Amino acid sequence: LFRSTRRMQGRLRALIQAAPGHVAVFAPSYAMLQEVVEEGTWPVHRTIIESSDWDKAKSDEVLGILERERNAGRKVLLAGTFGARLAEGVDYRGGVLDAVACIGLPIAPPGVVQDGLKAWVSERFGKNKAWRYTMTQPAVNRVLQAMGRPIRGIDDRAVVLLLDQRCEQPTYRTCFPEDLRMLPTSDPQGLRRLAERFYRSVSRPPTP
């Protein structure tokens, strides 16, 4: 494995260890899911990895599995791709997810259609905005969509892990909401301690 893959796996493992329940991870491609998730070992009861042939019935089935495993006190790692069903088409109600990790940024690959769109936007809005409108903002929007999966109600809380240093660069950072606060972490153990403090601070007393 590449060193960057091992680093991502280390941070994802630390997040899973800190989370009291299920964790979802999203990546730009199924190949990256295989490299980072399928080839890793995780401290969970089961790992569910989305495939490209999933339909709505399959994604709805996953939600039922998450609820049953949570009720049994078992932890699940759920893995999917940006823009696919698990990242956008499932309502993870009732706080069934405790954390989400986003690997990379789903930048559209170069091609005739993408180049034509960029040229059209450049002519209409100027070259300075063409890259943002056609490349960076759409990619960040998909990340934001995945980031919001655990937060479906006013009482939901979750840790969101962004595994891409570009998110801190001005070109991409300006595409995120201005009030979004990012906390850089330098190592897996630091991430784990930070996440554990967060979960302690938002823990709710059991319902009588």
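Described below are features of the structure shown in this document.

A short note on helix α8 (residues 188-202)
Right, on to step 1. Spanning 15 residues, α8 covers 21 Å between terminal C-alpha atoms, matching the ideal 21 Å at 1.5 Å per step.
Right, on to step 2. For α8, the set of buried residues is Gly190, Leu191, Ala195 and Tyr199. On an axial view of α8, the arc spanned by its buried residues comes to 170°, and they lie on one face. For α8, the exposed residues lying more than 90 degrees away from the buried face are Arg200 and Ser201.

Digging into the pattern of salt bridges
Right, on to step 1. This model, assessed by the stated rule, comprises nine salt bridges.
Right, on to step 2. Arg46 serves as the salt-bridge partner of Glu69, at 3.4 Å between the closest nitrogen and oxygen. One end of the pair, Glu69, is in helix α3 (residues 56-71); the other, Arg46, is in strand β2 (residues 46-49), and 23 residues separate them in sequence.
Right, on to step 3. Classification of Arg46 by relative accessible area gives partly exposed; the value is 34%.

A closer look at the packing of aromatic side chains
Right, on to step 1. Overall, the coordinates contain one aromatic pair when judged by the stated rule.
Right, on to step 2. An angle of 70° between the planes, with centres 5.5 Å apart, marks the rings of Phe198 and Tyr199 as edge-to-face.
Right, on to step 3. The exposure class of Phe198 is partly exposed, given its relative accessible area of 28%.
Right, on to step 4. Stacked on the ring of Tyr172, the Lys or Arg Arg166 has its end atom at 5.7 Å from the ring centre.

Digging into the environment of Pro106
Right, on to step 1. Here Pro106 shows up in the loop between β4 (97-103) and α5 (112-125).
Right, on to step 2. Of the residues examined, Pro106 reaches a relative accessible area of 17% and is grouped as buried.
Right, on to step 3. In sequence terms Pro106 and Phe82 are 24 residues apart; their C-alpha atoms lie 6.9 Å from each other.
Right, on to step 4. Not counting residues within four places of it along the chain, the set of residues in contact with Pro106 comprises Pro28, Phe82, Ala139, Arg142 and Val143.

A closer look at the sheet that holds β4
Right, on to step 1. Spatial strand order, β2-β3-β1-β4-β5: five strands in an open sheet with parallel pairing. Two strands bound the open sheet, and with one partner strand each, they are β2 and β5 (159-163). Strand-to-strand twist across the sheet, computed as the mean angle between neighbouring axes with direction ignored, equals 15°.
Right, on to step 2. Direction of pairing for strand β1 (residues 22-27) relative to strand β3 (residues 76-81): parallel, over a ladder of five bridges. The residue bridging Val25 from the neighbouring strand is Ala79, located in β3.
Right, on to step 3. Running over the sheet, α8 touches β4 and β5 and is turned about 155° from β5.

Each value, and the rule that gives it
- Residues numbered from 1 in each chain as written.
- Predicted model: local features only at pLDDT ≥ 70, side-chain atom pairs only at ≥ 80, totals over all residues.
- Heavy atoms only, no water.
- Helix = DSSP H or I, 4+ residues; strand = E, 2+ residues; numbered from the N terminus.
- Expected span 1.5 Å × (residues − 1).
- Buried < 20%, exposed > 50% of the residue type's maximum accessible area, 1.4 Å probe, protein only.
- Arc of directions from axis to C-beta.
- Salt bridge = Lys/Arg side-chain N within 4 Å of Asp/Glu carboxyl O.
- Phe/Tyr/Trp six-rings, centres within 6.5 Å; stacked < 30°, edge-to-face > 60°.
- Lys NZ or Arg CZ within 6 Å of the ring centre and 35° of its normal.
- Contact = heavy atoms within 4.5 Å.
- Pairing = 2+ DSSP bridges.
- Axes fitted to C-alpha atoms, helices over the stretch in contact; angles between N-to-C directions.

Scope: geometric values only; no functional claims are made or implied.
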